[in-house]
Structure formats: C-alpha cells, structure tokens
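# A look at the structure
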Amino acid sequence: MRMPNKDPGSYGLLVWVLIAAMSIYGGFVKYIIDTKTNKTAWSWVAAFAQVAVSGFAGLIGGLISIESGLSIYYVLVVAGMSGTMGSVALSFFWERITGMKNARN
C-alpha cells in the first residue's frame, strides 16, 4: 500500500503522533538495552537525552520515508528504527543527504 501523497501536511494528526510515538519508543528501548548491556545505573536525565535525540532522528527518518513514497507501515518502521539508532541514524542521514562524512569536510 502506497501513500497517496508525498506532502507531509496531507497526513492527519494521528499519523504524526504515531511517528513521534515510534521514534520515542525506539529511543526508550535503546536506552534500556544500553543500561542492561553496560550494567549502568538508571538515569532519568540520560533517558530523556536519549529520547530527545531519538525523537528527532525518528522524525527525520519518517519524513525521508514519506518523501520516498513508502507505505504508512514502512514509515512507522523506519521512524522506530531511526529512533532506536539515534545519533547513528542522524550521521547516516547527514552523509547520504550532503555527501559529507562529517560537518568539517
């Protein structure tokens, strides 16, 4: 199933809430995995920081998915995966869009 229109403004509020929820959930899951793997103590500040980065990364991933014409299901999957990847996803998007490995090139 393809999205009928690439214009992000054509989607309802529910779609944007779902994209944000998947992004934030991905970041929360990433933080839980990291704390269990590294055996570190829980920190609400660190969790909030991870969720903030993940929310932004997931939003960017969702917008790129919409622009690519993917179905809403794939948009949500990409938003969640981008949210889980966080800063790694942002670096990937930066490199793919600008062609530069980092901002200093």
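Right, let's walk through the structure included here.

What counts and what doesn't
Residues numbered from 1 in each chain as written. Predicted model: local features only at pLDDT ≥ 70, side-chain atom pairs only at ≥ 80, totals over all residues. Heavy atoms only, no water. Helix = DSSP H or I, 4+ residues; strand = E, 2+ residues; numbered from the N terminus. Buried < 20%, exposed > 50% of the residue type's maximum accessible area, 1.4 Å probe, protein only. Contact = heavy atoms within 4.5 Å. Axes fitted to C-alpha atoms, helices over the stretch in contact; angles between N-to-C directions. Parallel < 35°, antiparallel > 145°, perpendicular 65-115°, else oblique. Left-handed = near helix turned anticlockwise from the far one by under 90°. Nonpolar A, V, L, I, M, F, W, Y, C, P; charged D, E, K, R; others polar. Expected span 1.5 Å × (residues − 1).

## Focus: the overall build of the protein chain
Summing up its helical and strand segments, the protein chain has four helices and zero strands in all. Along the protein chain, from the amino end to the carboxyl end, the secondary structure elements read α-α-α-α. With 105 residues in all, the protein chain has 30% of them scored as buried. By sequence separation, contacts in the protein chain at least 24 residues apart represent 67% of the contacts at least 6 residues apart.

## Quick word on the packing of helix 2 (residues 44–68) against helix 3 (residues 72–85)
Remark: helix 2 packs on helix 3, axes separated minimally by 7 Å, with the N-to-C direction vectors making an angle of 150°. One way to sum up the angle between helix 2 and helix 3 is to call them roughly antiparallel. The interaxial crossing formed by helix 2 with helix 3 has right-handed handedness. Contacts between helix 2 and helix 3 pair Gln 50, Ser 54, Ala 57, Gly 58, Gly 61, Gly 62, Ser 65 and Ile 66 from the former with Tyr 74, Val 75, Val 78, Ala 79, Ser 82 and Gly 83 from the latter. Among the residues forming the contact of helix 2 with helix 3, the class breakdown is six nonpolar, eight polar and no charged.

## A closer look at the side chain of Ser 82
Within the secondary structure, Ser 82 is located in helix 3. Beyond its immediate stretch of four places on either side in the chain, Ser 82 contacts Ala 57, Gly 58, Gly 61, Ala 89 and Phe 93.

## With respect to helix 4 (residues 87–98)
For helix 4, with 12 residues, the first-to-last C-alpha span of 16 Å sits near the 16 Å given by 1.5 Å per residue. At the exit of helix 4 stands Gly 99, carrying a positive phi of roughly 85°.

## Observations regarding the packing of helix 1 (residues 13–38) against helix 3
Viewed as axis vectors pointing N to C, helix 1 and helix 3 meet at an angle of 35°, and their least axial separation amounts to 6 Å. Taken as a pair, helix 1 and helix 3 cross one another with a handedness that is right-handed. Facing Val 15, Leu 18, Ile 19, Met 22, Ser 23, Gly 26, Gly 27 and Lys 30 of helix 1, the residues of helix 3 in contact are Ile 72, Val 75, Leu 76, Ala 79, Gly 80, Gly 83 and Thr 84. Along the lines of polarity and charge, the residues of the contact of helix 1 with helix 3 split into eight nonpolar, six polar and one charged.

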